[in-house]
Protein chains: 2
Amino acid sequence: MTAGTKGVARADREAQIVEVACRAFGENGYAATSVSDVAEAAGISKPLIYNYFGSKDGLHAVCVEHAAAVLWSEFERSTATGTVGLARAVLTLDGMFRALAPQRWIWRLVFDPTAPAQGVSADALTAYEERLFTLGEDGVKELMRVAGNTDPDDVSAMHAVWESMFRSLVGWWLDHPGISPDAMSQRCVRLFSTVFGDLDALAITPGGGLASDAVPSQ
Amino acid sequence: MTAGTKGVARADREAQIVEVACRAFGENGYAATSVSDVAEAAGISKPLIYNYFGSKDGLHAVCVEHAAAVLWSEFERSTATGTVGLARAVLTLDGMFRALAPQRWIWRLVFDPTAPAQGVSADALTAYEERLFTLGEDGVKELMRVAGNTDPDDVSAMHAVWESMFRSLVGWWLDHPGISPDAMSQRCVRLFSTVFGDLDALAITPGGGLASDAVPSQ
DNA sequence: CTGATATGACTCACGAGTAAGTTACCACCA
DNA sequence: TGGTGGTAACTTACTCGTGAGTCATATCAG
């Protein structure tokens, strides 16, 4: 390919690179993705990426920022409904499936075990995780207070369990690409009822998400 | 260091290398552990490792085999008690904490996200995971049958949730080194009762593990 | 003196990051 | 309208470090 500008403005090129990189990082993981891979997938050369993003870590940070914003806005949306407990859990899961459906790689980009432990992108991830942590911990703490357990370590462990349940449901869905967000939300409701008892109050409205006034039966 | 034998038989040297390598792989992950690291930690030179294990992957495979055997024997022991449901869950967790206490790195060695996806060690891991998968899936399937849900995808998703809960409890414990297996088992019982209701039938016998005749109240 | 145990010093591949140069667009001027 | 310099956009071809894997050689037990 000959050198020289192709008439693409920096902002446009950056956006294009970030989109390609998000996908690459998300589908293959940070460690298994080389900058050359991203460059090739974007149809440009490696130095251009270094020109615009400084380093592999810098590029990753922008991707993480983008992905975390997508997930976070979804969590905030669910929180804003004012529901609590299992209803909120199902609502959040449902929102996540819908948000993720057109860009599934976003999830693994944020929860990437091969992401660097230090540097700009690690800082971005940490910041996101702290916000998320607070959100989840508060919810769990409140539920456990109601159940009569206020031990901090118990709350912390329960929170870990809750987060991993959430992640495993999303992960399972990502591993079964044929299943629609709707069907998966209904599956979650079924599973929750199996474990926690009847949850009929949690009705799924077929095309448009969950009824936001639903309340868990427990 | 001068060359030449030091009077250590191959079998002994291999065992020593594997022990050191298990620790290194488990604590730092496969990707972040170089063969030179292991050699240095074992007080020998890199070529000796290649002489005995063929490759980094070969060494890792032996470590994985060893670690998987430890975990598997613990799972089998719990299974052999004949308990079912939550009682078995708590029993298995308790056994795992005790088995892991003197060699905590074993766990992360088996559940290492940076482990290679192909090769001998990947095959060993896959084999172990398949056995474990069957064990867990059968248990979950039976419980869900009792609850009236036999949908294969529901069972599969529930199984994923169950495994991730198990892993997150062990992971949380590993992240809190000050907590004894006993204390952690009791915590698990508390958390299960919070979620599933009263479980008083599940008594912990302070020094010697769980009462094996315990039955969940659900 | 033979073979098992052991090592120092290498090669090689790969991926992050860089130096230096090339081309096209565009504001400005005649 | 048609040059013309400046700059933003872009690439080729490199360096450099790291870690997997190998080769030739050295030492010691039996």
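Residues numbered from 1 in each chain as written. Chains lettered and ligands numbered in written order. Predicted model: local features only at pLDDT ≥ 70, side-chain atom pairs only at ≥ 80, totals over all residues.

A.B. asks: So what's going on with the overall build of chain A? Which residues, and what values?
C.D. replies: Assigned secondary structure in chain A consists of nine helices and two strands. Order of helices (α) and strands (β) in chain A, N terminus to C terminus: α-α-α-α-α-α-α-α-α-β-β. Of all 218 residues assigned to chain A, the portion counted as buried reaches 33%. Pairs at least 24 apart in sequence give 59% of the contacts found in chain A among residues at least 6 apart. (Helix = DSSP H or I, 4+ residues; strand = E, 2+ residues; numbered from the N terminus. Buried ≥ 20, exposed ≤ 12 C-beta atoms within 10 Å, placed from the backbone. Contact = placed C-beta atoms within 7 Å.)

A.B. asks: So, the environment of Ala87 of chain B: which residues are in play, and what are the values?
C.D. replies: All names here are of chain B. Position of Ala87 relative to the elements: it lies in helix H5 (residues 85-100). Judged by the 22 C-beta atoms lying within 10 Å of it, Ala87 is buried. Here the alpha-carbon distance between Ala87 and Val189, two residues 102 residues apart in the chain, equals 9.2 Å.

A.B. asks: Before we move on, could you go through the protein's contact with DNA strand C and cite the residues and values that matter?
C.D. replies: For DNA strand C, the set of nearby residues contains 28 residues, the closest of which are Gly4 and Ser34 of chain A together with Ala3, Arg10 and Ser45 of chain B. Broken down by secondary-structure element, the contributors of at least two residues to the surface near DNA strand C are helix H2 (35-42) and helix H3 (46-53) of chain A together with helix H1 (10-28) and helix H3 (46-53) of chain B. By residue number, the principal contributor to the surface near DNA strand C is H3 of chain B, which donates four residues. Of the residues contributing to the surface near DNA strand C, the split by class is eleven nonpolar, eleven polar and six charged. (Near = placed C-beta within 6 Å. Nonpolar A, V, L, I, M, F, W, Y, C, P; charged D, E, K, R; others polar.)

A.B. asks: Describe the relation of the copies chain B and chain A, with residues and values.
C.D. replies: You can overlay chain B on chain A at an RMSD of 0.1 Å; the transform is a turn of 179 degrees with a shift of 0.1 Å along its axis. Here the copies are linked by what is in effect a two-fold axis. Here 100% of the interface residues in chain B have copies in chain A that are interface residues too; the copies meet face to matching face. (Least-squares fit on C-alpha atoms with pLDDT ≥ 70 in both.)

A.B. asks: Explain the environment of Arg77 of chain A to me, using residue names and the numbers behind them.
C.D. replies: All names here are of chain A. Mapped onto the secondary structure, Arg77 falls in helix H4 (residues 56-80). Taking the number of C-beta atoms within 10 Å as the measure of exposure, Arg77 has 13 and is therefore partly exposed. As for Arg77 and Gly95, which are separated by 18 residues in sequence, their C-alpha atoms are 8.4 Å apart.

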